[in-house]
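A closer look at the structure
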Amino acid sequence: MSMNTYAHLLQQRSYGQVSLRIEGRGVANLRETGAAKLRIPAGSHQAILINTGGGLAGGDHFEFDFQLGQNAKLTLTSQSAERVYRTLGPPAKIETHLLAEAGSILSWLPQETILFDGASLQRNYTVALAENTRFLAVEPVVLGRSERGEKIETLTLQDSWRIFQADKLLHAENLQLTAPLPRTKAAIGSAGAFASVVYIATDAHRYLDAVRAALGQDGAASAWNGKLVARLLAKDGFHLRKRLIPALWAIIGSENLPKSWTF
């Protein structure tokens with residue numbers, strides 16, 4: 001692809017940015033630009049991200065910045081599953097920055113990301129936590145449309161997580177997935193969907209047995225040094241939710257899970 005063609009594609013792409021700060025009494029600052037929107041139901045501690053562009057394509061770029069003041073509470077979710085379509089060259093990019101001050105409770109619970117054949121997506125997450133906070137994050141991914149028999153021939157997914165607590169690196173991981181997909185037993189096997197869960201809290205180990213029971217044989221979980229990490233594989237998005245939702249219930253309770261999360 002020529003540089004002129006690449007530049008022309010970028011000019012047609014979708015951009016969006018959301019910046020939010022929550023204090024103890026509610027919203028202190030909210031800013032939206034482009035195709036990224038945020039809605040907070042009255043009297044709720046939940047916020048719903050909306051992509052008015054209807055999905056992501058190569059060259060799209062979104063930025064999210066969420067901050068919680070002391071003793072604040074916020075659960076972030078998405079209006080629907082995010083669809084990532086075939087790219088003509090450049091990847092879609094998402095930059096997410098999360099900050100939680102002392103005593104706050106922050107949950108990052110977007111619905112599934114559905115990767116269609118030919119999709120290319122890069123996501124970077126930077127999380128800064130105070131010492132006395134609770135943080136829960138989940139990232140579910142679905143590979144294509146199983147009901148249509150879609151086969152993934154080309155694909156690029158790059159996820160980078162950096163979680164700091166009290167300015168010290170607590171959790172770091174990088175995921176790079178390309179086609180042909182790693183179908184070995186040590187990787188994703190025959191799964192058509194997968195998810196990762198990270199929970200940061202001083203008592204994270206208390207939830208380990210309940211999370212393992214919810215995941216069953218299709219997942220695994222460990223807890224150490226104030227964090228719990230779980231992985232889950234499933235044959236499709238429906239079966240992923242059937243295991244993932246009880247695992248999230250085990251940590252935060254069914255009443256705290258966004259209504260958009262249903263079987």
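Now for a description of the structure that goes with this document. Keep in mind it's a predicted model, so treat the numbers as computed, not measured. (Residues numbered from 1 in each chain as written. Predicted model: local features only at pLDDT ≥ 70, side-chain atom pairs only at ≥ 80, totals over all residues. Heavy atoms only, no water.)

**Section: unusual backbone geometry**
For the peptide bond that leads from alanine 179 to proline 180, omega is 5°, which places it in the cis range. With respect to the secondary-structure elements, proline 180 resides in the loop between β14 (168–178) and β15 (193–200). Even without glycine at this site, asparagine 71 takes up a positive phi of about 60°. Along the chain, the position of asparagine 71 falls in the loop between β5 (61–68) and β6 (73–78). With relative accessibility at 59%, the residue asparagine 71 sits in the exposed group. (Helix = DSSP H or I, 4+ residues; strand = E, 2+ residues; numbered from the N terminus. Buried < 20%, exposed > 50% of the residue type's maximum accessible area, 1.4 Å probe, protein only.)

**Topic: the pairing of β15**
Where burial is concerned, most of β15 is hidden: 7 out of the 8 residues are buried. In this sheet, β15 lies alongside strand β12 (residues 134–143) in antiparallel orientation, the contact comprising 8 bridges. Counted as the bridge partner of glutamate 139 is serine 196 from β15. Relative to strand β17 (residues 227–234), β15 runs antiparallel, the two sharing 8 bridges. Paired with alanine 195 across the two strands is leucine 232, which belongs to β17. (Pairing = 2+ DSSP bridges.)

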